[in-house]
Amino acid sequence: MMRFRAFFLALLFIAPAWAGDEACVICSAQESRLHLESCSYTEAYGGTTYHFCQKTCLESFQGDPAGWVAKFDALRTAEPVAKVLPSFKFPLKPAGTLSSEDLRGKVLLLNLWATWCGPCKEEMPDLVRLQDEYGERDLVVLAISFDKTEEAHRKGVKALELNFPSFFAEDEEVAKFLDELGEVSAIPVTFIVDGQGNIAARIDGKGDYERFRQAIEPLLPKAEAPKQEASHGSVAPS
């Protein structure tokens, strides 16, 4: 619990400065970690816009865009902190609980966020869309908020019209879960968990609908093919 509280306080202290920052592709790849800073240069490649802190970084990228993108994307979908999602039993307010056992057999998308984090809020419409479109295929979206107060968290959930549960990080059971999950240095971060509770992927930084969809799709049960109406007048083989 003490480790979580120290991390929580550090996150509150430094993360607001990142709200408008992006990860420089070149610096991140060279340092083997997502390097967040003010990036004045951008370049589109393969339908995605990449960011660069200096003109020299942009020029390096232009020399081998495919190579740099491969290195950068490997960092953005990093190895999870834990291999298996820690068990949990979170309080649902005003009443009830939600536990890891309740979600057994379902694919879980767990997003860590806060209302003061600009990139976090930008992800939320895509997460709402995913829950709406994939809920019938056993996807469950959950969020944990690092807001400074529970009131700010509640207001953010209402304003963003979330269609999935979001829990407050300082609640005792949630804090215990985060301690067991392991260190997370920045938000947003998203964990993709399969139906057996194994953490299949971790996405650091802001994701989008397509990136999340590609991560969850292989884990979900196959969608049922639409039923075709019987063809009248056809002859069935004997």
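Going by the structure above, here's the rest.
Treat the numbers as computed from the prediction; the structure is a model and nothing was measured. The written sequence of each chain sets the order in which its residues are numbered from 1. Side-chain atom pairs in this predicted model are given and counted only at pLDDT of 80 or more, local residue features only at pLDDT of at least 70, and totals for whole chains, interfaces and linings cover all residues. Water and hydrogen atoms were dropped before computing side-chain values, which therefore reflect all heavy atoms in the structure.

S.K.: Give a description of the pairing of strand E10 (residues 189-193) that names residues and reports values.
M.R.: E10 sits mainly inside the fold: five of its five residues count as buried. A 1.4 Å probe rolled over the protein chains alone gives each residue an accessible area, and that area as a share of the maximum for its type sets the label: buried under 20%, exposed over 50%, partly exposed in between. Secondary structure elements follow DSSP: runs of H or I of four or more residues count as helices, runs of E of two or more count as strands, with numbering from the N terminus. Taking every second residue as pointing to the same face, both faces of E10 are buried, with Val189, Phe191 and Val193 on one and Thr190 and Ile192 on the other. Here strand E7 (residues 107-113) runs beside E10; their pairing, made up of five bridges, is antiparallel. Paired with leucine 110 across the two strands is phenylalanine 191, which belongs to E10. DSSP bridges decide pairing: two strands pair if at least two such bridges lie between them. Inspection of the sheet shows E10 paired to strand E11 (residues 199-204) by five bridges, in the antiparallel sense. The residue of E11 that forms the bridge with valine 193 is isoleucine 199. Connecting the antiparallel pair E10 and E11 is a turn made up of five residues, with glycine 197 showing a positive phi of about 90°.

S.K.: Could you give an account of the side chain of serine 145, naming the residues involved and the relevant values?
M.R.: Take serine 145: it is sitting in strand E8 (residues 139-145). What qualifies as a polar contact is a pair of N or O atoms within 3.5 Å, subject to a donor-acceptor requirement within protein and to the restriction that residues adjacent in sequence count only when both atoms come from side chains. Of the polar contacts made by the side chain of serine 145, one reaches the side chain of aspartate 147; its length is 2.6 Å. When neighbours within four sequence positions are excluded, serine 145 is seen to be in contact with Trp113, Ala114, His153, Ser166, Phe167, Phe168 and Ala169. Between two residues, a contact is recorded if the distance between any of their heavy atoms is within 4.5 Å.

S.K.: Which residues make up the sheet that holds strand E9 (residues 166-168), and what values go with them?
M.R.: Read from one edge to the other, the open sheet built from five strands follows the order E9-E8-E7-E10-E11, with strand pairing classed as mixed. Pairing within the sheet leaves two strands with one partner each, and these edge strands are E9 and E11. Direction aside, neighbouring strands of the sheet carry axes that sit 20° apart on average. Strands in contact with helix H6 (residues 150-160) are E7, E8 and E9; relative to E9, the strand with the most contacts, it is inclined by about 170°. Between N-to-C directions, angles span 0 to 180 degrees; the directions come from axes that are lines fitted to C-alpha atoms, helices contributing only their stretch in contact. Against the sheet, helix H7 (residues 172-181) contacts E7, E8, E9, E10 and E11, and its axis sits at roughly 100° relative to E8.

S.K.: Residue-level account of the pattern of salt bridges, with values.
M.R.: By definition here, a salt bridge exists when the distance from a side-chain nitrogen of Lys or Arg to a carboxyl oxygen of Asp or Glu is within 4 Å. Evaluation of the coordinates by the stated rule reveals 11 salt bridges. Across the pair lysine 93 and glutamate 150 runs a salt bridge, and its minimum N-O distance is 2.5 Å. Placement of the pair is lysine 93 in the loop between strand E5 (89-91) and strand E6 (97-99) and glutamate 150 in helix H6, with a sequence separation of 57 residues. Judged by relative accessible area, which is 53%, lysine 93 ranks as exposed.

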